[in-house]
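A look at the structure
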Amino acid sequence: MALFTAQNIQKRFGARVVLENISLSIEAGTVHGIMGPNGAGKTTCFHVLTGQHRPDAGRITFDGQDITGLPPHRIARLGISRSFQIMNLFDDTVVLENVLLALPAFRAIGRSPTRKVFGNAALTDRALEVLALVGLEDRAWDKAKALSYGDRRALEIAVALAAEPRILFLDEPTSGLGAEATRSLATLIGRLRSRYTIVMIEHDMRFLFDLADRISVIHWGQVIAEDTPAALQANKWVARSALGGTA
Amino acid sequence: MITLSDIPRRGGSPFTWPMGLFLAGLATAPLWLAPIGLYQYLGVEIAIWILFALGFNLLFGYIGLHSFGHGAYLGIGAYAFGLFQKNVDVSLWGGLGAAVLAATLAGALVGACLSHRRGIYFALMSIGFGQLFWFSAIKLRHITGGEDGLLGIPRPDLVIGGWRFDLNDNAAFYWFVAAITGLVTLVLWRLANAPFGRVLQAIRQNETRASFVGYDVWRYKWATFTLSAAVAGLAGGLFAMAQQSAYPDVMSLHQSGLIVMMVLVGGGLVSFWGPVLGVLLYFIARDVLGGLTETWLLWYGLMFVVMVMVRPEGVAGLLQGLRRRPDGRPAPLGKA
Amino acid sequence: MLALLPHIVNGLTLGLLFALIALGFMLIVGVMEVINLAHGSLFTLGAYLALSTIGADWFAGTGFGSWWLGLPVAARYVVALALGPLLAGAAGLLLELCLRPTYGKAPLYGLLLTFGAALVIEEVIRLVWGTGEQHLPIPAGIDGAFLLGGLIFSTYKFFAAGFSIVAILGVWLFLERTPYGAIIKAGAHDSEMVRALGYDLSKLRLLVFGFGAALAGLAGVIMAPIWGLRPHLGIDVVIPAFLIIVIGGVGSFWGAVIAAILVGLAVGVTGAYAPAWSLLSMYVLLVLVLGFRSRGLLGRKSALEN
């Protein structure tokens, strides 16, 4: 059975139908790509799947459990984690604490009035480990806003990873990155794929085709095709209509 | 600007040097207040407002909910204390308990209505509720005594074991207020510097991110609102004892605005101690400036305006700026 | 129902007056996303300045002063009606200059700065005009009262309500039918656009703030004969103004007008049955409306939510 499914998801904003009918099925241990032209509803789709918006119709399940309409914090606690296209960090907080706050073990003591924040070596070690994974361990005590754009992207991913997710949603992780940063991100995701199930929206076709096991193409709020990268590339119709001829 | 979040090394002990200075000041105030030309009662007033301001800053500075109606909970505490003495029993702890309980309930109720509001809408709604309480206090004449308020509220004796202290003696009353303020300050400091306080600051900086890493933002906001209302209620109970009366004026928008001004001028946005500095500055301005000129509020207002324009991080921000060395990075912790 | 009619008329009049009070506040919050807590103080300032104009406070001893005081009240009133708002507008310009460092920061800072400014203006008024209650004279033509359905209505209130309608329509026409209005509205939505069109955004803000402050002053002059003049009048003004904006929805012109009339009706009708609680009805209305529509009646999303 698939780890995460979305069945016939619909979302309207006023009179505008953004998601017409989205169905996705994501197998555990795979990298699933989502692509499509601008305005196709990809980010809205992520918002609905991770609880920021409630779908108007349809059903979302995770590990067999119906999670449709749960608030974001409940969904996050189940092990669904996400990064944002527009950076969403605790800007005035040091890098280490950005990660620390996302650790489930820290969340468990979040209401505690007596514990020390950095006093628990196991927690800080865990946070530093996550930072090491994305190559930010040397910047642990810098403020998030002091980081470069690429480093902030990496921190986004680190925060998402710190939540110890069972499935990771990445919204355009390469957006705004230079060629070199994109390459190191590809290496990172290559390393992560053995441990996590990953769903990723991406504009960079080569990046996506190299990493994804399966790709869903979204257009006009619907999934118009879903297949392996190789099969999709062969499909001339998809390439022309949805990819704008870039593939 | 250095912010509240910029205190990475904090461990578990609240006994830092500012805390020492604060407690020492609180403990010795009666000894030096008169010699420097001030009067005993001022100490009581300052201690009560410090209590109020520190509780308020949890909401204002830490979680970033800008309430402009917080005087209401101080007022509710004061009325509850007075009504308890008049209708139930002349009891110190009973009265203070009633004050905290009433303010907590009111805060929990209003907090439930406000906690999903954001930004300026929160501020607007908090004013709305504040005015509602203020107006009710004026109009429910048979309960609250209307514009005049409740008069002749007694100060019950403090009984500890076999000891009995008459709190009508202003010195004894000061020690009592100072002890409560000191104690609550320790608790609030601990709370602000524990994971709880860090989560509050994370929510202030980025609510969306906080909820996506699994924090129930609504519940934290509600809990903080209720907690700061409870502290305000305690301050209100003490205020009713101090004034031996409770009146609607403390619930007005004007008073609620003043506490915001004090907290901001002192630097509540950047430091735990900001509210303390703000309260001190306000009362010094009122009494020292007020002794020189009747227009002291004009000068205080002008100072506030200038401060918002050029130094919104307040006095505490100024001090931090002076104290901080260029490389103030703490040693990384947790590395074996 | 018929017995209620006079109260409804009374409420409608009151609603129009509330709309006049909220007009300048609405303009500033809609265009600049600044909650101008000094609105009430500018209102009061305008009224006091009109008082001094009519009474020739600062030049009574001069030859011009005695000539001026010889003129009929009506003539002096008309001049005061222009001069009060103009000077309040000038104070508004000054306030906008002070506000500049807060742009681009959280809306809280604008709120705080104008709160401080309100305090300062109020103290200045106390200093210049004293703390006592004062009375603004009005021309005989619009003074007096008449009976309607068993209730006494003051002629002046009707004059003021009519004046409000003119002012509301005037501002609306200005915003909708003139190129200036178009630019101001564009600035509310998209400051980049205004810059791209070659307009100076800071000048635009200055003018909008000045205009909003002048409207506050105008409302002050009109309302002074009804409410009387005291230094701390500001708070009684800014609270309804902003309740109205919140109920109507930030950024919506007609939302605010509708809200003002609703508030007027609520206060008027409650006043008929439970006079002591009439002002409370505003807050009840606020809590009710916002309980169901978090952005008010006709509000749209704005930066103020951040």
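Reference entry: report on the structure contained in this document. Since this is a predicted model, take the numbers as computed values, not measurements.

Here the focus is the overall build of chain A. When helices and strands are tallied, chain A shows 10 helices and 10 strands. In summary, chain A has a C-alpha radius of gyration of 18 Å against a globular reference of 18 Å for 247 residues, a match within 12%. Here the C-alpha coordinates of chain A stretch approximately 60 × 40 × 35 Å along the principal axes. Expressed as a percentage of the 247 residues in chain A, the buried residues total 46%. Looking at chain A alone, contacts between residues at least 24 apart form 66% of all its contacts between residues at least 6 apart.

All right, on to the overall build of chain C then. Scanning chain C from terminus to terminus reveals 12 helices and 2 strands. For chain C, the α and β elements follow one another from N to C terminus as α-α-α-α-α-β-β-α-α-α-α-α-α-α. In terms of C-alpha radius of gyration, chain C reaches 20 Å, essentially the compact-globule figure of 19 Å for 306 residues. A principal-axis box enclosing the C-alpha atoms of chain C has dimensions of 55 × 55 × 35 Å. Looking at chain C as a whole, 47% of its 306 residues qualify as buried. For chain C, contacts bridging at least 24 residues in sequence account for 77% of all contacts bridging at least 6.

Here the focus is the arrangement of the chains. Here 2 pairs of chains are in contact, and chains A and B lead that list by number of contacts. Kept free of each other, chain A and chain C leave a smallest C-alpha distance of 13 Å between them.

Moving on: unusual backbone geometry. Residue and element names in this part refer to chain A. Unusually for a residue other than glycine, N8 sits at a positive phi of about 50 degrees. In this structure, N8 sits in strand β1 (residues 4-13). Non-glycine residue W220 carries a positive phi angle of around 50 degrees. Residue position: W220 is located in the loop between β9 (214-219) and β10 (222-227). W220 gets classed as partly exposed once you count the C-beta atoms within 10 Å, which come to 16.

A few words now on the nonpolar core. Membership of the largest hydrophobic core comes to 288 residues, with the highest contact counts inside it found for A158 of chain A together with A22, I244 and V263 of chain C. Residues in contact with A22 of chain C, not counting those within four places in the same chain, are A241, I244, I245, A256 and A260 of chain C.

Right, let's get into the interface of chain B and chain C. Taken together, the 29 residues of chain B in the interface contact 34 residues of chain C. For the side of chain B that touches chain C, the secondary structure elements donating two or more residues are α5 (119-139), α11 (253-266) and α13 (296-310) of chain B. Ranked by residue count, the leading element in the side of chain B that touches chain C is α5 of chain B, at 11 residues. Its residues placed into classes, the side of chain B that touches chain C shows 19 nonpolar, 8 polar and 2 charged.

Residue and element names in this part refer to chain B. Look at helix α1 (residues 17-33) against helix α2 (residues 40-62): their axes get within 9 Å of each other, and the N-to-C directions meet at 155 degrees. When the axis of α1 is compared with that of α2, the two are roughly antiparallel. Here α1 and α2 pass one another in a crossing that is right-handed. Listed contacts from α2 to L26, A29, P30 and L33 of α1 are Q40, L42, G43 and A47.

The next point concerns the environment of G233 of chain B. Relative to the helices and strands, G233 of chain B resides in helix α10 (residues 217-243). Taking C-alpha positions, G233 of chain B is 7.1 Å from A78 of chain B, a pair spaced 155 residues apart along the chain.

Taken residue by residue, a regular strand's side chains alternate between the two faces of the sheet. Residue and element names in this part refer to chain A. A large share of strand β7 (residues 167-171) lies buried, amounting to 5 of its 5 residues. Alternating residues of β7 divide into I167, F169 and D171 and L168 and L170, and every residue in both groups is buried. Pairing between strand β6 (residues 80-82) and β7: 3 bridges, direction parallel. Counterpart to R82 in the pairing with β7 is F169. Sheet topology places β7 next to strand β8 (residues 197-201); 5 bridges connect them, and they run parallel.

Thresholds, definitions, all that
- Residues numbered from 1 in each chain as written.
- Chains lettered and ligands numbered in written order.
- Predicted model: local features only at pLDDT ≥ 70, side-chain atom pairs only at ≥ 80, totals over all residues.
- Helix = DSSP H or I, 4+ residues; strand = E, 2+ residues; numbered from the N terminus.
- Rg over C-alpha atoms; globule rule 2.2 N^0.38 Å.
- Buried ≥ 20, exposed ≤ 12 C-beta atoms within 10 Å, placed from the backbone.
- Contact = placed C-beta atoms within 7 Å.
- Core = buried A, V, L, I, M, F, W, Y, C linked by C-beta atoms within 7 Å.
- Nonpolar A, V, L, I, M, F, W, Y, C, P; charged D, E, K, R; others polar.
- Axes fitted to C-alpha atoms, helices over the stretch in contact; angles between N-to-C directions.
- Parallel < 35°, antiparallel > 145°, perpendicular 65-115°, else oblique.
- Left-handed = near helix turned anticlockwise from the far one by under 90°.
- Pairing = 2+ DSSP bridges.

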